[in-house]
Amino acid sequence: MRFDRIWLNARLATLARNAPGLGIVEHGAIAAKNGRIAFVGPAKDLPTGWDAAERTDCDGRWITPGLIDCHTHLVFGGDRAHEFELRLKGASYEEIARAGGGIVSTVKATRAASEDDLLASALPRLDHLLAEGCTTVEIKSGYGLDLDTEARMLRVARRLADKRPIGITTTFLGAHALPPDTNDNKDIYIDRVCREMLPAIARESLADAVDAFCEGIAFSPEQTARVFAAAKALGLRVKLHADQLSNLHGAKLAADFGALSADHLEYTDEEGAMAMAKAGTVAVLLPGAFYTLRETQIPPVPAFRKHGTPIALATDCNPGTSPLTSLLLTMNMGATLFRLTVEECLAGVTREAAHALGLIDEIGTLEPGKACDLAIWSIERPAELVYRLGFNPLHTRIWRGQ
């Protein structure tokens with residue numbers, strides 16, 4: 001058998017679904033053909049007579065699946081450093097939002113930005129993720145709150161994949177906040193989202209999924225359910241910002257609609273955790289927002305473990321509540337703040353993150369047939385990826401075998 005490329009003398013953390021722990025393989029090898037994994041396992045099990053156009057000696061380095069950031073708001077205009085200062089002086093997230101700050105302030109800056117402006121500002125943030133071994137990123141809209149700007153954001157997200165070797169998935173988050181032109185009538189705006197914006201986004205195939213913010217300062221469970229029903233009628237999968245600031249039973253609502261994921265989840269109860277497990281809805285934890293907002297209510301990790309709810313981690317990169325572009329730091333925060341294990345953290349930014357995007361059959365583990373997306377690390381043990389602060393041990397990032 002002739003491979004395009006092969007990596008030898010490596011230690012592998014395959015994160016394979018049917019393997020124990022991290023799926024560790026000592027003295028391992030990975031081979032790629034046509035951008036996909038053609039072989040992974042102990043080097044001694046390579047097929048007889050194999051050859052490769054290019055060989056790389058990893059010198060004992062570790063290889064994991066490429067990292068996946070399954071919840072970001074990477075495309076936006078402006079910044080919210082001033083709000084950071086306000087929070088340092090004691091203002092809460094809700095107080096800032098109700099005073100016209102928060103999401104609405106970013107909406108104003110994003111509406112004023114051209115497509116090229118948004119692309120130029122997003123690229124440095126994306127480059128930080130790539131530099132730490134990220135090979136797939138989910139990007140949400142939600143800072144336009146009108147059709148033109150929402151579509152512009154999603155087009156920019158798609159264009160990022162033309163500028164960098166990266167997998168991009170897009171999510172329409174029109175139901176993120178109430179725009180200023182609706183006279184505080186949330187139902188009127190949800191009508192617009194369901195009847196005008198969603199069909200137009202679907203016609204242009206700009207979104208892979210639909211998200212909403214179910215919270216007291218955003219939209220009610222009933223309004224969220226309307227968005228989800230409209231999305232499902234258009235053949236789009238759903239996910240939800242749920243139970244971040246209060247328990248509106250968003251986790252259960254997401255599960256009832258078969259959502260890919262429910263995200264944040266600080267106030268989720270055991271009923272929600274159980275419903276998510278039954279539905280296969282992934283719990284995406286976002287410690288960057290928890291840290292930035294100085295929250296004290298920890299997501300119910302024991303309940304997720306008890307019921308077998310899959311747990312993913314993501315940066316939630318956004319200008320206001322999680323200005324974070326490091327999955328390595330995200331893992332450390334997940335371990336330190338939420339008491340996740342090393343295995344849970346690494347699975348959370350690979351296998352379970354792929355699960356949260358509905359892409360587990362394509363990416364997220366080192367298994368034959370999957371896209372050859374790899375991160376090669378100069379480390380002695382996988383725990384280093386979770387333990388270190390402000391240190392990037394990435395040696396090489398491989399996307400689609402290159």
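Rules of the game
Residues numbered from 1 in each chain as written. Predicted model: local features only at pLDDT ≥ 70, side-chain atom pairs only at ≥ 80, totals over all residues. Heavy atoms only, no water. Helix = DSSP H or I, 4+ residues; strand = E, 2+ residues; numbered from the N terminus. Rg over C-alpha atoms; globule rule 2.2 N^0.38 Å. Buried < 20%, exposed > 50% of the residue type's maximum accessible area, 1.4 Å probe, protein only. Areas by Shrake-Rupley, 256 points an atom, 1.4 Å probe, with all protein chains shown as cover. Lys, Arg positive; Asp, Glu negative; His and termini not counted. Charge placed at Lys NZ, Arg CZ, Asp CG, Glu CD. Contact = heavy atoms within 4.5 Å. UniProt positions renumbered as here; feature names shortened; annotations may be inferred. 1 Å grid on protein atoms, 1.4 Å probe; cavity = no way out; pocket = protein on both sides within 12 Å on 5 of 7 lines; lining within 4 Å.

## Description of the overall build of the protein
Looking only at helices and strands, the protein has 15 helices and 15 strands in total. Here the protein has a C-alpha radius of gyration of 21 Å; the compact-globule value for 402 residues is 21 Å, and the two agree. Summarising its shape, the C-alpha atoms of the protein cover approximately 70 × 40 × 40 Å along the three principal directions. For the protein, with 402 residues in total, the buried portion stands at 58%. Put simply, the protein shows about 15,600 Å² of open surface, and 51% of that area lies on carbon and sulfur atoms. Here the protein contributes 43 positive and 51 negative side-chain charges, whose respective centroids are spaced 3 Å apart.

## Details of the environment of P287
Residue position: P287 is located in helix α10 (residues 287-292). For the pair P287 and F338, spaced 51 residues apart in the sequence, the C-alpha separation amounts to 7.7 Å. If near-sequence neighbours (up to four positions away) are discounted, P287 is found in contact with L313, A314, T330, M333, G334, L337 and F338.

## A few points about the UniProt feature "binding site: Zn(2+)" (unreviewed entry) in the protein
Taking the UniProt record as the reference, the feature "binding site: Zn(2+)" (unreviewed entry) is found at H71, H73, H241 and D316. For this annotated set, covering 246 residues, all C-alpha atoms fall within 12.3 Å of each other, a compact arrangement in space. Lining residues of the largest cavity drawn from the annotated set just named are H73, H241 and D316. Inspection of the secondary structure assignment puts H71 in the loop between β6 (67-69) and α1 (81-88). In this view, H71 contacts E138, K140, H241, D263, V284, L286, A314, T315, D316 and C317; residues no more than four positions away in its chain are not counted.

## A short note on the environment of G369
Along the polypeptide, G369 turns up in the loop between α14 (351-356) and β14 (374-377). As for G369 and G35, which are separated by 334 residues in sequence, their C-alpha atoms are 9.4 Å apart. If we skip the residues at most four places from it in the chain, G369 touches R36 and I37.

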